[in-house]
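# Notes for the structure review
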Amino acid sequence: MFRWHKCHKPIISRHLQKPLIMKKPKRTIGFLVASPFELLDLAGPIAVFSNANLVRENRCTYEIKIISTRKTRSVTSADGSTMGPADYYAEFRGALDTLLVVGGLECLKPISPSLKAWLGKRAKQVRRLGSICLGAFILADAGLLKNRRAVTHWRFCDELGRRYPDLKVELDPIFLKEGNVYTTAGVSAGIDLSLALAEEDEGFKSANWVARNLVLFARRSGNQAQYSSALREQDKVSEPGFRNLPAWTMANLQKNLTVEMLAESAAMSPRTFVRRFQKEFNTTPAEWVRTLRVEAARDRLVSTSDGLKQIALATGLRDELSLRRAFVARFGISPRDYRQQVRGNVLEKSRLRA
């Protein structure tokens, strides 16, 4: 019979021991910044990856590195704000998972042979390479967009295509993915790309949590237009009372937008509003609002998993039947088929690139 002796020590099964707390692996996101840059181009994406670190279920964490094209310890935005610390690219030795190029009008200048060589070397080492807004000019100058589709801020798309005829410039998308190379449209599009990259790494649920935490109205997919045809007309508006009308209307689509409500928003009488509206927008208020509703519905079909009834209510189209009729009239395809077609294209591209 076994008797316990004080010299005997109990043997604890490994299965009963306190589990080891494993540190999450880090993915280092490097931002190559050409000062002066647009502040939101850098701060927006950094906010996305920083917030992704707050998601408990994530299997990894992001580490941010700011890398300057100049020999400085910080980078400077167009409004004089500074961000840092920054490493000079020629002295940076760390490994990178993803490299994103950021910059403003400085990106339009030719880059040095040294930076071109550094980018060429890094492009072979990183898992993902991309640009935000005018950063596409730096990637193109380094020869990294050759024979690829690319996008940049809509104001500079023509210039990008003129300078680099060996790439195909797309005018509409918010961001594009060609293999492991990404390019984006202007300013806030960097946030959309960063959310998409976070979704690639951690899934839709995680990226959606980040979007909600940043109080974003909606996550936009890459193939959504930089700006809608209806909002594009805002550039042509000469009547001061109409300048804020598109934004106000988009924020109130779920309401019954009568001429009286629109006129009140523009601080006009209904009769004056209708007369001036026709002159400014070359359409009727009812048709204009319907266009905004349908385009908003299209964006939600791509960027959310909401049902058709939810989308119809959120965009003021009342019900699924009204949504379907308006969508077919506008795009020649049903909303359900459109969603399946877009998702099918995404899956097919992923399969071909796998």
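Residues numbered from 1 in each chain as written. Predicted model: local features only at pLDDT ≥ 70, side-chain atom pairs only at ≥ 80, totals over all residues. Heavy atoms only, no water.

When you go through the protein chain residue by residue, the secondary structure sums to 14 helices and 11 strands. Each of the 354 residues in the protein chain was classed as buried or not, and the buried ones make up 46%. Summing over all exposed atoms, the protein chain offers an accessible surface of approximately 19,800 Å²; the carbon and sulfur share of this is 53%. (Helix = DSSP H or I, 4+ residues; strand = E, 2+ residues; numbered from the N terminus. Buried < 20%, exposed > 50% of the residue type's maximum accessible area, 1.4 Å probe, protein only. Areas by Shrake-Rupley, 256 points an atom, 1.4 Å probe, with all protein chains shown as cover.)

Our focus in this paragraph is the environment of phenylalanine 242. Structurally, phenylalanine 242 can be placed in the loop between helix H7 (229-232) and helix H8 (245-250). Phenylalanine 242 sits 23 residues away from serine 265 along the chain, and the two C-alpha atoms are 8.8 Å apart.

Among all residues except glycine, the phi angle is most often negative; among peptide bonds, the trans geometry is most common. The omega angle of the peptide bond from serine 35 to proline 36 is -5°, so this bond is cis rather than trans. Residue placement: proline 36 occurs in the loop between strand E1 (26-34) and helix H1 (39-52). Across the junction of glycine 84 and proline 85, the peptide omega takes the value 0°, indicating a cis bond. Note on placement: proline 85 falls in the loop between strand E4 (82-83) and strand E5 (86-88). If you check the backbone angles, asparagine 282 has positive phi at about 55° while not being a glycine. Along the chain, the position of asparagine 282 falls in the loop between helix H10 (270-281) and helix H11 (285-303).

Scanning the entire structure with this criterion turns up 20 salt bridges. The salt bridge partner of arginine 127 is aspartate 97, with a shortest N-O separation of 2.8 Å. Here the residue arginine 127 occupies a position in the loop between helix H2 (113-125) and strand E7 (128-133), and aspartate 97 occupies one in the loop between E5 and strand E6 (98-103), the gap between them amounting to 30 residues. Looking at arginine 127, the relative accessible area reads 37%, which means it is partly exposed. Of the charged contacts, one joins glutamate 200 and arginine 128 as a salt bridge, the two residues approaching to 3.2 Å between their closest N and O atoms. Separated by 72 residues along the polypeptide, glutamate 200 in helix H5 (residues 189-202) and arginine 128 in strand E7 bring together distant segments of the chain. (Salt bridge = Lys/Arg side-chain N within 4 Å of Asp/Glu carboxyl O.)

Phe31, Leu32, Leu42, Trp118 and Leu119 are the most contacted members of the largest nonpolar core, which has 66 residues in total. For this core, the element with the highest residue contribution is H5, accounting for seven residues. Discounting chain neighbours no more than four positions away, the residues touching leucine 119 are Leu32, Leu99, Val101, Ile111, Ile138, Ala142 and Leu144. One finds Leu257, Met268, Leu292 and Ala296 within the second-largest nonpolar core, a separate group that totals 15 residues. (Core = buried A, V, L, I, M, F, W, Y, C linked by side-chain atoms within 4.5 Å. Contact = heavy atoms within 4.5 Å.)

Here the focus is the sheet that holds E6. Taking strand neighbours across the sheet as the criterion, the seven strands line up as E5-E2-E1-E6-E7-E11-E10 in an open arrangement whose pairing is mixed. Each edge of the open sheet carries a strand with a single partner, namely E5 and strand E10 (175-178). Each adjacent strand pair in this sheet contributes to an overall mean axis angle of 25°, direction not counted. Two elements, E6 and E7, share six bridges in a ladder whose sense is parallel. Looking across to E7, one finds that leucine 99 is bridged to leucine 129. Contacts from H2 reach E1, strand E2 (61-68), E6 and E7, with the element oriented near 150° to E6. On top of the sheet, H5 reaches E1, E2, E6, E7, E10 and strand E11 (181-184); it is set at about 150° to E11, its chief contact. (Pairing = 2+ DSSP bridges. Axes fitted to C-alpha atoms, helices over the stretch in contact; angles between N-to-C directions.)

Let's shift gears to the confidence of the model for the protein chain. Regions with low pLDDT carry predicted coordinates that are not meant to be interpreted in detail. Residues with a pLDDT of 70 or more make up 84% of the protein chain, whose mean pLDDT is 84. Confidence drops under a pLDDT of 50 for residues 1-21, and excluding neighbours within four residues, the segment shows five contacts in the predicted structure. Low pLDDT (under 50) marks residues 345-354, which in the prediction has five contacts with non-local residues, meaning those over four places away or in another chain. (pLDDT = per-residue confidence, 0-100.)

Bringing H5 into the picture now. Helix length check: H5 (14 residues) gives 20 Å between terminal C-alpha atoms against 20 Å at 1.5 Å per residue, within 8%. Along H5, 12 of the 14 residues are buried, which leaves the element largely enclosed by surrounding structure. Burial in H5 covers these residues: Ala189, Gly190, Ile191, Asp192, Leu193, Ser194, Leu195, Ala196, Leu197, Ala198, Asp201 and Glu202. (Expected span 1.5 Å × (residues − 1).)

Put simply, H11 and helix H13 (residues 320-331) touch, their axes get as near as 10 Å, and they point 95° apart. Looking at the two axes, H11 sits roughly perpendicular to H13. Along its contact with H11, which presents Arg290, Thr291, Val294, Glu295, Ala297, Arg298 and Leu301, the element H13 presents Leu323, Ala326, Phe327, Arg330 and Phe331. Across the contact of H11 with H13, the residue classes break down as seven nonpolar, one polar and four charged. (Parallel < 35°, antiparallel > 145°, perpendicular 65-115°, else oblique. Nonpolar A, V, L, I, M, F, W, Y, C, P; charged D, E, K, R; others polar.)

Turning our eyes to something else, we now look at the packing of aromatic side chains. Inspection of every chain in the model, using the stated rule, returns 13 aromatic pairs. Pairing phenylalanine 242 with phenylalanine 273 gives two aromatic rings, centres 5.4 Å apart and planes at 70°, and the pair type is edge-to-face. Of the two residues, phenylalanine 242 sits in the loop between H7 and H8 while phenylalanine 273 sits in helix H10, which places them 31 residues apart along the sequence. Neither phenylalanine 242 nor phenylalanine 273 differs from the other in exposure class; each is buried. (Phe/Tyr/Trp six-rings, centres within 6.5 Å; stacked < 30°, edge-to-face > 60°.)

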